[in-house]
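Analysis of the macromolecular model
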Amino acid sequence: VLFMAVPLHGAPVKHDANDASHLERVWRGVKELNEGKNDAGNHIIPIKVVSAQSLLVAGTKWEYEVLVGESDCTDSQLSK
């Protein structure tokens, strides 16, 4: 009898949070967050991905727990 570990559709699958591809995805999300804010405050920057998991639904949905910090630069100080 052969058993294969196949994730169930919609069941969360944990991933290695230290994989560099996760931090790349988080940076894209934080960039959108910073662009969408209305104040001239400092930007949020991701420091570390604490946990990562995916859900297989109609495509792959990623969920991250991320440690973030606030930069010393305001919007007017950043080069676009």
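All of the points below concern the structure found in this document. (Residues numbered from 1 in each chain as written. Predicted model: local features only at pLDDT ≥ 70, side-chain atom pairs only at ≥ 80, totals over all residues. Heavy atoms only, no water.)

Turning our attention to the packing of aromatic side chains. Inspection of every chain in the model, using the stated rule, returns 1 aromatic pair. Taking 6.0 Å as the distance between ring centres and 5° as the angle between the ring planes, the aromatic pair formed by Trp62 and Tyr64 counts as stacked. Taking relative accessible area as the criterion, Trp62 reaches 28% and is therefore assigned partly exposed. Of note, Arg25 hangs over the ring of Trp62, and the distance from its end group to the ring centre comes to 4.3 Å. (Phe/Tyr/Trp six-rings, centres within 6.5 Å; stacked < 30°, edge-to-face > 60°. Buried < 20%, exposed > 50% of the residue type's maximum accessible area, 1.4 Å probe, protein only. Lys NZ or Arg CZ within 6 Å of the ring centre and 35° of its normal.)

This brings us to the nonpolar core. Ala17, Val26, Val30, Val49 and Ala52 form the largest nonpolar core, which has 5 residues in total. Counting residues per element, the ones that place at least two in this core are helix 1 (20–36) and strand 2 (42–57). Apart from the residues within four sequence positions on either side, Ala52 is in contact with Val13, Lys14, His15, Ala17, His22, Glu63 and Tyr64. (Core = buried A, V, L, I, M, F, W, Y, C linked by side-chain atoms within 4.5 Å. Helix = DSSP H or I, 4+ residues; strand = E, 2+ residues; numbered from the N terminus. Contact = heavy atoms within 4.5 Å.)

What follows deals with the side chain of His22. Structurally, the position occupied by His22 is in helix 1. At 3.3 Å, the side chain of His22 forms a polar contact with the backbone oxygen of Asp16. The residues contacting His22, other than those within four sequence positions of it, are His15, Asp16, Ala17, Val49, Ala52, Trp62 and Tyr64. (Polar contact = N/O pair within 3.5 Å; in protein donor to acceptor, adjacent residues only side chain to side chain.)

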